[in-house]
Amino acid sequence: MHGQDVVLDGVSMRFGDFTAVQPTDLTINAGEFFSILGPSGCGKTTILRMISGFLDPSAGDVRIGGTSMAGIRPNARPTALIFQNLALFPLMSVWENVAFGLEARGVPKKVRRQRAEELLAMVALTGQGEKKPTELSGGQRQRVAIARALAVEPAVLLLDEPLSALDLKLRQHMRSELKDLQRKTGVTFIYITHDQGEALTMSDRVAVMNRGVVEQVASSDEIYNQPGTPFVASFVGEQNVFRGKLSGLDGEIARVDTPQGEMLARLRGRAGVGDEVMIFVRPERVGLGGTGTDDAPRNRLRATIERRDLEGPFVNLHCRAGDAPVTVHLPNSGDTASSLASGETDLAFRPSDAIVMPVGDLARE
Amino acid sequence: MNSLVKSYGKGLTGIFLALTAVWIALLIVLPQARMIERAFTYVDRSGDAATLSLEIDRAYTRVFDIDTDLRDLRAQLQAGQEAGQAAGGAPAGGLPSPSLVPSPSLTPSPSLTPSPSLTPSPSLPSPAAPSPGVAPSPFAPPQQAALPLEEVEGRIVALEEEKAGLQGRIAELEAIEAETTKTAGISESYSAKNFTNMSELHFRIFLSTIFYALCVTLLSFVVCYPVAYAAATAKSANKVALMMLGLIIPYAINELLRIFSWVMILEKQGILNGVLDALGLIDMQAGEGIRFVASNGAVFTVMVYAYVLFMVFPIYNTIETLDKNQIEAARDLGSSTWRIHWRVVLPHAKPGIAVGAIMTFMLSAGSIAVPEIVGRGLHPDWFAQVIYRRFFEAGSWNEGAAYSLALLVACIAFILVNMAVFRVGIRDIAK
Amino acid sequence: MTVITAEQIAAGAAPRRRRIRDWSDAVLSGYLLLFFAYMFLPLMFMVAAAFNANPTPSVTDWQGFTLKWFQALPRDARFVQGLLHSLAIAGGVIVISIPLGLAGALILTRLQSRASTLLYTVLVSPILTPGIVLGATTMIFWRDAFGMEAGLFTAAIAQAAFIASYCMLMFMARLQRQDRALEEAALDLGASSVFVFRRITLPFLMPTMLTAALISFLQSIENYNTTFFAIGSSWTLVTEIGARMRFGLSPMINVIGVIFVVITVVSATIWVLARRRGGNG
């Protein structure tokens with residue numbers, strides 16, 4: 001099996017007056033694990049269905065391995081889709097499910113049977129071939145669906161939130177299995193999800209979508225640490241947000257007047273002095289006031305602790321600074337944290353850990 | 001259309017569309033269209049050829065009557081000679097006249113009508129046919145005082161002469177007809193005359209049939225609603241199963257057999273009279289007994305019985321989907337039983353009532369089985385029978401088509417009124 | 001004291017309400033008893049009279065228990081022939097109705113246009129048309145258009161006209177429960193439309209196909225109104241029963257009645273039991 005690249009060239013999709021996907025250019029490299037992350041209704045499933053051929057784009061072109069897919073029906077594309085509900089054929093046995101694509105291609109039964117067994121072995125389901133899909137557990141059904149899709153040796157495997165029906169433990173386990181499988185087969189995986197954990201852990205690159213627009217395409221690290229838009233910043237991971245006015249610019253560092261006092265942060269995007277802006281800072285980048293050891297400049301603010309949650313490796317402090325809620329994730333060091341159940345405290349974060357973005361897009365929310 | 005091709009591909013879509021087109025064309029639209037065309041085609045029978053064919057028809061009728069009489073007289077003669085006496089049941093009137101026995105398989109008039117369905121069938125009550133039911137039926141022809149043998153012989157001779165004369169005349173007329181049809185055919189033209197020519201009697205029958213059908217529908221609703229409600233709200237699974245069984249069995253048993261069971265009850269020697277006899281109200285031994293059959297009342301009673309269950313299931317289906325907690329809640333809030341039904345159950349059951357009403361009305365307005373069998377031709381016709389006679393006895397298919405169309409229009413009107421009153425769409429109705 | 005607490009009101013009202021409820025329940029039960037008596041007594045009379053030696057079907061004038069009417073039935077050539085005709089027509093009706101109903105249902109469930117309501121109306125209209133009108137139109141049309149005289153063929157066509165609509169409704173109900181993703185998954189795996197239809201859609205519809213065939217068969221066998229008009233000089237078991245009944249009653253009809261009742265009771269019981277098990281499971 002060899003992965004192929006997928007190119008969306010100015011692809012858009014309209015349903016009547018509603019534009020599900022704005023004109024989009026996107027290149028997914030051959031053999032890549034690529035995720036499309038976004039809230040429900042953002043257009044990610046529409047993109048998937050345009051790649052698989054169940055929807056024809058209103059404009060633009062989908063190319064797979066350099067070949068335009070215009071006018072090519074789903075059954076003639078080098079893609080295989082794993083459905084959200086898996087869509088296993090209930091009346092067929094497990095091996096017949098796996099071998100369905102081969103049956104459709106007229107492969108003789110003996111060969112089909114053998115190939116199905118190989119694939120079932122690959123997904124650790126040896127000896128389950130005669131069962132009906134309903135007799136398997138959720139995780140096993142998941143693997144049958146994957147085996148069935150891989151049986152047709154697709155160049156691109158499309159996965160539509162395939163783990164959403166599983167419980168948490170199984171989901172985490174399947175993540176690593178999927179990643180392994182992708183590496184083993186070299187097939188291009190395009191993975192649709194609204195679960196950022198899934199997207200960030202498995203993917204080589206992630207596209208974050210909102211309202212039919214791809215807001216950012218980048219590696220997991222970059223998405224998390226260098227969000228390109230306010231939406232990406234707020235959708236991926238947790239953020240503390242302070243609103244204010246830009247009062248000055250010093251190279252990359254912006255000075256912002258907020259109700260919590262003046263703060264410094266890195267500017268991303270375009271903004272001028274006097275603009276309404278937002279400051280984003282991750283809870284784990286905020287520390288208690290006295291803990292800093294270097295001389296780097298810090299933003300400091302005074303906050304009231306309202307609640308303390310212990311979450312295993314972290315202690316989460318829910319505080320309030322003026323009218324802004326502030327969450328702080330402290331590493332659980334074992335002794336000190338338990339005293340911080342209430343009262344006032346000083347909080348601080350480095351300007352390089354905070355980013356400033358114009359309110360712009362988010363104001364629409 | 002695109003969505004179809006996408007789902008099934010070109011080939012299969014083509015096949016499905018072709019099949020559906022054939023269905024619509026050959027089974028639904030074209031037959032209806034042809035009927036409507038016939039209904040609006042008036043055949044003028046006043047032309048020469050029409051007069052001629054009428055005369056030929058009459059001659060054939062007479063020949064047939066003579067044949068029947070002859071057969072009876074001969075049988076009587078033989079019986080008389082054998083027994084050495086003239087006693088016996090010689091039905092001088094012949095069989096019941098055709099208009100009383102309108103069944104296609106039983107009408108003893110093979111050559112009069114254009115319909116092939118009137119060929120005499122082997123089920124004619126000939127002595128050989130094993131039909132034990134014939135003898136004691138109220139249909140037995142009136143017994144006539146026996147005639148002396150000589151007189152019988154005399155009549156046979158006279159009839160045979162007349163028959164020979166008629167046959168000669170028929171041959172003559174048919175020869176003329178064969179020549180003239182080319183020139184003086186029956187003239188056909190589009191007009192509404194088939195409707196406007198409907199006799200006052202037929203129109204009255206039409207109206208009263210509609211009226212009776214409405215009554216049957218209303219009565220069925222009154223009878224069925226409590227039953228449907230009880231079945232849909234029954235709490236224990238066993239009770240539900242038992243009620244379903246109790247409703248399905250009579251529903252699934254053939255319409256004719258349901259009618260038959262009631263004729264047994266209403267028959268002159270039937271169960272109802274037997275009960276009256278046992279109560280000492282009448283004396284059946286003395287030949288007393290009320291003939292309940294062959295009255296409009298009997299037709300009506302049996303019709304309610306035959307079609308009542310078509311109301312139960314649609315109503316049951318809708319009430320079953322009602323959240324029973326709504327009833328409990330309404331009761332808890334102190335609503336009276338009437339109010340609960342009026343405000344909660346009935347509004348929810350509206351689509352079911354509409355479906356039940358439409359089915360019941362359609363079945364009773366178009367029922368031929370009940371009036372034919374219960375009525376025995378001895379009471380004023382119902383409209384379905386009038387239609388039947390237009391087709392198979394008057395041989396006027398165009399008038400029959402016009403009358404059928406009238407019935408169909410009445411049913412469509414009823415459906416539309418129902419859809420408006422109950423505010424339901426066509427997709428709610430046919431489910 | 002004129003002050004009445006809410007509890008007192010509730011305490012006073014509750015028993016009264018329960019009394020009314022018991023009372024209305026009793027009325028309903030009594031009514032049901034009457035209703036089922038009305039439904040079943042005539043049928044019981046019919047069954048009982050089949051065993052009465054009296055040549056006039058009767059339960060009041062009992063002339064001894066007999067099975068002779070049962071023995072007479074298979075010797076009655078017209079009844080036997082009628083049964084064969086009925087079976088032939090029913091076979092024809094199934095062969096016509098299932099493909100037509102299936103095609104109509106498949107089109108209607110996927111047709112996304114305003115024409116679909118119109119098409120639906122046309123396709124279910126035969127159900128809402130009086131049987132005699134269906135019979136008459138079929139008889140007229142096939143004779144006028146193809147010179148086909150009324151007979152077994154036209155009877156089967158006339159019946160199929162409305163039985164196909166019933167089949168269509170059954171198929172539509174089933175198709176609405178179908179998971180579209182199954183078809184898409186099959187298509188995505190490289191199957192052609194025909195292969196998807198044969199391997200996914202048809203097997204999914206198979207149970208409905210059997211039910212529809214059974215119901216078509218029963219509807220066809222039982223039909224009187226439509227058949228009566230469309231069959232011409234031929235006859236089915238049911239039109240023969242009708243013809244005989246006009247002449248008076250015969251215990252042979254009771255015998256047929258007994259057979260119908262037995263078949264109905266057995267199959268209805270099986271159906272209700274199957275439904276209960278399906279409902280619980």
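Note that the structure is predicted; figures quoted are calculated from it, not measured. (Residues numbered from 1 in each chain as written. Chains lettered and ligands numbered in written order. Predicted model: local features only at pLDDT ≥ 70, side-chain atom pairs only at ≥ 80, totals over all residues. Heavy atoms only, no water.)

Caption draft 1: Just the overall build of chain A, in detail. Scanning chain A for helices and strands turns up nine helices and 20 strands. Looking at the 365 residues of chain A, the share that counts as buried comes to 50%. Across chain A, the fraction of contacts at a sequence separation of at least 24, relative to all contacts at a separation of at least 6, is 67%. Summed over all atoms, the accessible surface of chain A reaches about 16000 Å², with 48% contributed by carbon and sulfur. (Helix = DSSP H or I, 4+ residues; strand = E, 2+ residues; numbered from the N terminus. Buried < 20%, exposed > 50% of the residue type's maximum accessible area, 1.4 Å probe, protein only. Contact = heavy atoms within 4.5 Å. Areas by Shrake-Rupley, 256 points an atom, 1.4 Å probe, with all protein chains shown as cover.)

Caption draft 2: Molecular detail of the sheet that holds strand S2 (residues 18-28) of chain A. Residues and elements named next belong to chain A. Spatially, four strands are ordered S2-S1-S4-S5 in an open sheet, and the strand pairing comes out antiparallel. Each having just a single partner strand, S2 and strand S5 (67-68) make up the two edges of the open sheet. As defined by bridge partners, strand S1 (residues 6-15) adjoins S2 across seven bridges and the pair is classed as antiparallel. Note that in S2 the partner of Val7 across the bridge is Thr27. (Pairing = 2+ DSSP bridges.)

Caption draft 3: Spatial organisation of the sheet that holds strand S3 (residues 33-37) of chain A. Residue and element names in this part refer to chain A. Spatial ordering of the open sheet is given by S6-S7-S8-S3-S9-S10, a layout of six strands whose pairing is mixed. Across the chains shown, the open sheet's two edge strands, defined by having one partner strand only, are strand S6 (79-82) and strand S10 (213-218). With direction set aside, neighbouring strand axes in the sheet form an average angle of 20°. (Axes fitted to C-alpha atoms, helices over the stretch in contact; angles between N-to-C directions.)

Caption draft 4: Broad picture of the interface of chain A and chain C. Opposite the 26 residues of chain A that make contact, chain C presents 18 residues. The contact between chain A and chain C buries some 1800 Å² in all, and 62% of this surface belongs to carbon and sulfur atoms. Considering only the side of chain A, the residues that lose the most area to chain C are Asn75, Phe89 and Phe100 of chain A, jointly responsible for 26% of the buried surface there. Linking chain A with chain C are three salt bridges, by the criterion used here. Here Glu103 of chain A ties to Arg199 of chain C by a salt bridge, and the two come within 2.6 Å at their closest N and O atoms. If you look at where chain A meets chain C, you find nine residue pairs in polar contact (both at pLDDT 80 or more). No other element matches helix H3 (residues 100-104) of chain A, which puts four residues into the side of chain A that touches chain C. When its residues are assigned to classes, the side of chain A that touches chain C shows 15 nonpolar, five polar and six charged. (Buried area = accessible area lost by both parts, 1.4 Å probe. Salt bridge = Lys/Arg side-chain N within 4 Å of Asp/Glu carboxyl O. Polar contact = N/O pair within 3.5 Å; in protein donor to acceptor, adjacent residues only side chain to side chain. Nonpolar A, V, L, I, M, F, W, Y, C, P; charged D, E, K, R; others polar.)

Caption draft 5: Focus on the interface of chain C and chain B. Listed per partner, the contact involves 111 residues of chain C and 119 residues of chain B. Its largest share of buried area at the contact with chain B, chain C owes to Leu128, Arg246 and Phe247 of chain C, together 8% of the area lost on that side. Inspection of the region where chain C meets chain B yields two salt bridges. Our enumeration of links across chain C and chain B arrives at eleven residue pairs in polar contact (both at pLDDT 80 or more).

Caption draft 6: Representation of the packing of helix H11 (residues 324-332) of chain B against helix H12 (residues 337-365) of chain B within the structure. All names here are of chain B. Direction vectors running N to C along H11 and H12 enclose 150°, while the axes themselves pass 10 Å from each other. Considering their axes alone, H11 and H12 lie roughly antiparallel with respect to each other. Where H11 crosses over H12, the handedness of that crossing is right-handed. Contacts from Gln326, Ile327, Ala330 and Arg331 in H11 reach Ile340, Val344 and Val345 in H12. Residues that form the contact of H11 with H12 fall into these classes: five nonpolar, one polar and one charged. (Parallel < 35°, antiparallel > 145°, perpendicular 65-115°, else oblique. Left-handed = near helix turned anticlockwise from the far one by under 90°.)

Caption draft 7: Examining the pairing of S3 of chain A more closely. Residues and elements named next belong to chain A. A large share of S3 lies buried, amounting to five of its five residues. Residues Phe33, Ser35 and Leu37 line one face of S3 and the alternating positions Phe34 and Ile36 line the opposite face, and both faces are buried. Relative to strand S8 (residues 188-193), S3 runs parallel, the two being bridged by five bridges. Looking at the pairing, Ser35 lines up with Tyr191 of S8. The pairing of S3 with strand S9 (residues 205-210) spans four bridges and is classified as parallel.

Caption draft 8: Up close: helix H6 (residues 168-185) of chain A. Residue and element names in this part refer to chain A. Here H6 contains 18 residues, and its C-alpha end-to-end distance of 26 Å stays within 8% of the 26 Å for a straight helix at 1.5 Å per residue. The complete set of buried residues in H6 reads Arg171, Met174, Arg175, Leu178, Lys179, Leu181, Gln182 and Thr185. Looking straight down H6, one finds that the buried residues subtend no more than 165° of arc, so they occupy a single side. Exposed and oriented more than 90 degrees from the buried face of H6 are Lys169, Arg183 and Lys184. Packing partners of the buried residues in H6 comprise S3, helix H4 (109-122), helix H5 (138-151), strand S7 (156-160), S8 and helix H7 (196-202). Positive backbone phi, approximately 75°, marks Gly186, located one or two places after H6. (Expected span 1.5 Å × (residues − 1). Arc of directions from axis to C-beta.)

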